[in-house]
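Take a look at the letters that make up each chain.
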Amino acid sequence: MKITFNDKVLYFLAAWADYNRRSFSVYLAATDPENPQRWKYRNEILKYIWNKESRKKVNGSLYNLKKHNFIKKEAAGYVLTEKGKLKYARIEFNESKKKKLPAGQYLMVFYDIPEKNRLKRNIFRHILKELGFEKVQKSVWVCRFKVDEEVKKVIKDYNLECYAKALLVKKL
């Protein structure tokens with residue numbers, strides 16, 4: 001998957017917002033000294049912010065992300081929508097190296113998410129597919145990749161601790 005400029009802006013802003021747990025403005029995200037390890041595309045975006053003419057590209061990217069419902073505008077800045085969080089998870093996973101688990105080991109995820117949380121269930125299922133999981137039964141999925149940290153993060157971010165569990169199994 002090729003990373004577009006819109007993806008880079010979303011990745012950068014989502015990582016900054018995730019670290020600070022608040023909405024963000026582009027300028028604050030670009031100049032925040034608190035968390036340099038999250039600045040994957042920081043220098044590239046700063047090039048566009050400091051130059052008045054090329055700032056239009058960042059503004060255009062924000063417009064497109066807002067138009068396609070990946071972010072929404074609030075008083076203090078922007079906030080990721082559920083669709084934006086899903087896209088961020090895809091970008092983050094595609095950027096990371098997929099490490100295979102040792103032979104014979106699988107990561108198994110099973111869940112029983114109630115019907116009233118259908119949106120969360122659908123998003124969770126899409127994220128599992130993006131992470132490389134395959135369906136064994138309706139709500140039982142397995143994967144040969146070491147993505148347990150990502151799965152735990154998704155379960156925590158979507159408040160699914162009561163409904164979803166992940167296990168590392170030696171034999172299927």
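Structure's up top.
In this report, we go over the structure that sits alongside the text. The residue numbers shown here count from 1 along each chain, following its written sequence. In keeping with the predicted nature of the model, local features appear solely for residues at pLDDT of at least 70, side-chain atom pairs appear and are counted solely at 80 or more, and the whole-chain, interface and lining totals rest on all residues. The basis for every side-chain value is the complete set of non-hydrogen atoms in the structure, without hydrogens or water.

1. What to know about the packing of aromatic side chains
(1) Moving on: The pairing test for Phe, Tyr and Trp rings, Trp by its six-membered ring, is centres within 6.5 Å, and the orientation test on the planes gives stacked under 30 degrees, edge-to-face over 60, and tilted for anything in between. Counting across every chain of the model gives one aromatic pair.
(2) Moving on: Counting as a charge over the ring demands two things of the Lys NZ or Arg CZ atom: a distance within 6 Å of the ring centre and an angle within 35 degrees of the ring normal. Above the ring of Phe70, the side-chain terminus of Lys83 is found at 5.0 Å from the ring centroid.

2. Quick word on helix H4 (residues 55-67)
Residues three or four positions apart in an α-helix share a direction because the helix packs 3.6 residues into each turn.
(1) Moving on: The end-to-end C-alpha distance of H4, which contains 13 residues, comes to 18 Å, matching closely the 18 Å that a straight helix rising 1.5 Å per residue would cover.
(2) Moving on: One or two steps after H4, the chain reaches Asn69, where phi turns positive at roughly 65°. Working definition: helices are DSSP H or I runs of at least four residues, strands are E runs of at least two. Numbering for both runs from the N terminus. Each residue after the first adds 1.5 Å to the expected span of a helix.

3. Some words on the pattern of salt bridges
(1) Moving on: The salt bridge definition used is simple: a Lys or Arg side-chain nitrogen within 4 Å of an Asp or Glu carboxyl oxygen. Inspection of every chain in the model, using the stated rule, returns four salt bridges.
(2) Moving on: Of the charged contacts, one joins Arg118 and Glu115 as a salt bridge, the two residues approaching to 2.2 Å between their closest N and O atoms.
(3) Moving on: Exposure categories follow from relative accessible area, calculated using a 1.4 Å probe and restricted to protein chains: below 20% of the type maximum is buried, above 50% is exposed, and the middle band is partly exposed. Looking at Arg118, the relative accessible area reads 46%, which means it is partly exposed.
(4) Moving on: In this structure, Lys146 and Asp148 form a salt bridge, with 3.6 Å as the shortest nitrogen-oxygen distance.
(5) Moving on: A single network of salt bridges, built from pairs that share partners, joins Glu115, Arg118 and Arg121.

In short, geometric facts, not functional conclusions.
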